[in-house]
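Fold and geometry: a report
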Amino acid sequence: MSTLRNMRLTLDMIKIEHTLFALPFAFLGAVLAANGLRHWRQILWIVVAMVGARSTAMAFNRIADSRL
């Protein structure tokens, strides 16, 4: 029970707002790198990568700082 509670608490602390704030920067980087707009599938993969990377990084940060 305690492990599930800790997992839920960690997931609650991952802020989706941070990911949404970072998405325009990822899109801008993709447009600048390609000298134009990307195909919708590539945009989808950018969103998946950003959500996955940011969530993983924030979860790791919460776990690493849990003793503090």
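Presented here is a report on the structure given in the accompanying data block. Since this is a predicted model, take the numbers as computed values, not measurements. (Residues numbered from 1 in each chain as written. Predicted model: local features only at pLDDT ≥ 70, side-chain atom pairs only at ≥ 80, totals over all residues. Heavy atoms only, no water.)

**Brief notes about unusual backbone geometry**
Unusually for a residue other than glycine, Asn35 sits at a positive phi of about 55 degrees. Of note, Asn35 is situated in the loop between helix H2 (16-34) and helix H3 (40-64). Judged by relative accessible area, Asn35 falls into the exposed class, the value being 73%. (Helix = DSSP H or I, 4+ residues; strand = E, 2+ residues; numbered from the N terminus. Buried < 20%, exposed > 50% of the residue type's maximum accessible area, 1.4 Å probe, protein only.)

**Points about the nonpolar core**
Counting six residues, the largest nonpolar core is built from Ala22, Leu23, Ala26, Ala30, Ile46 and Met50. Broken down by secondary-structure element, the contributors of at least two residues to this core are H2 and H3. Filtering out sequence-adjacent residues up to four positions away, Ile46 remains in contact with Ala26, Phe27 and Ala30. (Core = buried A, V, L, I, M, F, W, Y, C linked by side-chain atoms within 4.5 Å. Contact = heavy atoms within 4.5 Å.)

**Describing the environment of Leu20**
Counting through the fold element by element, Leu20 comes out in helix H2. Given the relative accessible area of 52%, Leu20 is considered exposed. For the pair formed by Leu20 and Val51, sequence separation is 31 residues and the distance between their alpha carbons is 8.4 Å.

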